[in-house]
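# Survey of secondary and tertiary structure
One letter stands for each residue in the lines below.
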Amino acid sequence: MIMPLSLHRAAGWPPAAPLRCPPLRRRSYAAYPRPPGAPAAASRVEDASSSSSFDPAAFEAERLRLDAEARASMAAAAAASDAEGEGKGGDPKAWKWKIRKRVWDLLEAEDIARNPRPVHHRIPNFAGAALAADSLGKLDVFQKAQCVKVNPDSPQKQVRFFTLTGGKKLLTPQPRLRTGFFSVLQSQTLPSGSILEACTSVGAAKYGRPIGLDEKIKVDLIVIGSVAVDPRTGARLGKGEGFAELEYGMLRYMGAIDDNTMIVTSVHDKQLVDDIPVEKLLVHDVPVDIICTPTQIIYTDTRIPKPQGIYWEKLSPEKLGQIRILRELKRRIERETGQLLPTGPPEKLPPTARRRR
């Protein structure tokens with residue numbers, strides 16, 4: 001039996017200790033926006049959809065290969081983190097992996113998880129995802145939005161559908177930003193009967209218009225996937241790859257969003273947790289303003305500062321090497337400013353498993 005929709009506000013919750021965000025412009029360039037008046041360089045972003053000979057089967061095979069490798073890497077990273085612990089010399093993010101594993105295990109154990117399964121090392125699909133999306137679609141902030149950025153994961157597919165059928169502009173990233181950047185889709189530019197396909201990763205690459213860093217676009221609302229979220233503070237955990245944070249930082253650089261841009265997530269009620277320590281969050285972690293579940297809408301009134309851009313000193317050379325658009329952005333900023341950006345400490349990426357056919 002479906003519970004009636006309820007509005008929940010966490011009353012009396014003490015203000016979270018504010019995280020110190022570095023200013024937008026400073027010597028270390030921790031978060032570097034586009035310099036005022038700086039000449040815009042032409043973007044060289046390429047996308048699978050830019051070719052008239054787009055091959056959906058090849059694109060999907062490559063996406064599945066990258067997905068399998070990434071999940072194997074995250075599984076290895078989680079196992080290593082669990083073995084090291086959070087003590088002296090251990091992984092400072094071990095607590096995140098413990099919460100993620102607890103949520104993933106719970107969704108599978110209680111048969112809340114839905115395909116693709118297992119949900120471990122994914123933004124988990126869940127029973128009632130369509131109900132959560134329906135509640136999200138009724139939000140005033142969604143109704144008024146003209147352009148909505150939605151993550152490409154399975155539980156938010158219905159949100160992408162509502163965005164397109166509502167006559168809105170859909171901005172969605174290419175999977176893991178490895179095959180491109182963002183794609184823009186609008187229902188009026190899609191072939192007849194293709195909206196459902198356009199809501200998938202293959203469809204977004206097939207029908208979407210790829211954009212570059214110079215695109216003049218205003219995003220009115222961000223819909224983000226989550227593994228766990230704290231309704232009291234708006235603190236959120238993703239699956240551990242950090243792409244949501246990178247996407248957010250690049251949109252800040254482009255001037256597409258600001259501190260007032262609302263961030264919404266849709267999750268199952270079992271993904272609501274109360275043990276995400278705000279004081280341990282990093283400066284680039286993205287909080288959420290609204291949570292939609294199959295049974296309720298939660299306004300977090302988050303006090304966690306939103307990231308101001310890309311924090312280059314947190315970005316390892318290995319991670320940078322995986323994402324072409326980030327390398328382009330780094331070269332551009334260095335060319336425009338005449339100064340080298342900092343890089344994060346080297347990251348030993350776990351070996352990836354070869355996907356069995």
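All figures in this text were calculated on a predicted structure; none of them were measured in a lab.

A few words now on the overall build of the protein. Regarding its fold elements, the protein presents 10 helices and 11 strands. Per-residue burial over the protein gives 51% buried out of 357 residues. Surface exposure of the protein reaches about 16,600 Å², of which carbon and sulfur atoms provide 52%.

Right, let's talk about the environment of Pro 152 for a bit. Within the secondary structure layout, Pro 152 lies in the loop between strand E2 (147-150) and helix H5 (157-165). The partly exposed category is assigned to Pro 152, whose relative accessible area is 24%. For Pro 152 and Cys 199, which are 47 residues apart along the polypeptide, the C-alpha to C-alpha distance reads 8.2 Å. Not counting the four nearest positions on each side in its chain, Pro 152 is found in contact with Arg 160, Thr 172, Pro 173 and Ser 201.

Moving on to the pattern of salt bridges. Within the structure shown, the criterion is met by 20 salt bridges. Between Arg 117 and Asp 111 there is a salt bridge whose closest N-O contact spans 3.2 Å. Overall, Asp 111 belongs to the partly exposed group, its relative accessible area being 44%. One salt-bridge network, in which partners are shared between bridges, spans Glu 108, Asp 111 and Arg 117.

Turning to helix H3 (residues 129-137), a few remarks are in order. All buried positions along H3 are accounted for by Ala 129, Ala 132, Ala 133, Ser 135, Leu 136 and Gly 137. Turning to H3, the residues buried within the fold contact helix H4 (140-144), H5, strand E6 (221-224), strand E9 (262-266), strand E10 (290-292) and strand E11 (296-299).

As enumerated under the stated definition, the model contains two aromatic pairs in all. Ring plane angle 55 degrees and centroid distance 6.2 Å describe the contact between Phe 161 and Phe 162, whose orientation is recorded as tilted.

We now examine the nonpolar core. If you look at the biggest cluster of nonpolar residues, it comprises 38 residues, and the most contacted ones within it are Leu 171, Trp 312 and Leu 326. Elements with a contribution of two residues or more to this core: strand E4 (182-185), E6, helix H8 (243-254) and helix H10 (324-337). Core analysis: the next-biggest nonpolar cluster, separate from the first, contains 22 residues, Ile 112, Val 227, Ala 235 and Val 273 among them.

Inspection of the secondary structure assignment puts Glu 247 in helix H8. Here the side chain of Glu 247 touches Lys 149 through a polar contact of 2.6 Å, side chain to side chain.

Burial in H5 covers these residues: Val 159, Arg 160, Thr 163 and Leu 164. The buried residues of H5 all sit within an arc of 135 degrees when viewed along its axis, so they share a single face.

This part takes up the pairing of E6. Of the two faces of E6, the one lined by Leu 221 and Val 223 and the one lined by Ile 222 and Ile 224 are each fully buried. In this sheet, E6 lies alongside E2 in parallel orientation, the contact comprising three bridges. For Lys 149, the partnering residue across the bridge sits in E6 and is Ile 222. Sheet topology places E6 next to E9; four bridges connect them, and they run parallel. Bridged to Val 223 within E9 is Val 264.

Across the protein, pLDDT averages 82, with 75% of residues at or above 70. Note that pLDDT drops below 50 for residues 1-51; the model gives that stretch 122 contacts with residues more than four away or on any other chain. Note on residues 350-357: pLDDT under 50 across the span, and 12 contacts to partners over four residues away in sequence or across chains.

Next up on the list: the pairing of E9. Burial within E9 is extensive, with four of its five residues counted as buried. Pairing analysis gives three bridges linking E9 to E10, with the strands arranged parallel. Opposite Val 264, over in E10, you have Ile 290 as the bridge partner.

Before going further, it helps to examine unusual backbone geometry. For the bond from Asn 115 to Pro 116, the omega torsion is 5 degrees, close enough to zero to count as cis. Relative to the helices and strands, Pro 116 resides in the loop between helix H2 (94-109) and H3. Geometrically, the link from Arg 117 to Pro 118 is a cis peptide bond, its omega value of 0 degrees lying close to zero. The residue Pro 118 is located in the loop between H2 and H3 in this model. A positive phi angle, near 55 degrees, is found at Asp 111, a position not held by glycine. Along the chain, Asp 111 turns up in the loop between H2 and H3. Despite not being glycine, Asp 301 has its phi angle at roughly 50 degrees, a positive value.

Calculation criteria
- Residues numbered from 1 in each chain as written.
- Predicted model: local features only at pLDDT ≥ 70, side-chain atom pairs only at ≥ 80, totals over all residues.
- Heavy atoms only, no water.
- Helix = DSSP H or I, 4+ residues; strand = E, 2+ residues; numbered from the N terminus.
- Buried < 20%, exposed > 50% of the residue type's maximum accessible area, 1.4 Å probe, protein only.
- Areas by Shrake-Rupley, 256 points an atom, 1.4 Å probe, with all protein chains shown as cover.
- Contact = heavy atoms within 4.5 Å.
- Salt bridge = Lys/Arg side-chain N within 4 Å of Asp/Glu carboxyl O.
- Phe/Tyr/Trp six-rings, centres within 6.5 Å; stacked < 30°, edge-to-face > 60°.
- Core = buried A, V, L, I, M, F, W, Y, C linked by side-chain atoms within 4.5 Å.
- Polar contact = N/O pair within 3.5 Å; in protein donor to acceptor, adjacent residues only side chain to side chain.
- Arc of directions from axis to C-beta.
- Pairing = 2+ DSSP bridges.
- pLDDT = per-residue confidence, 0-100.

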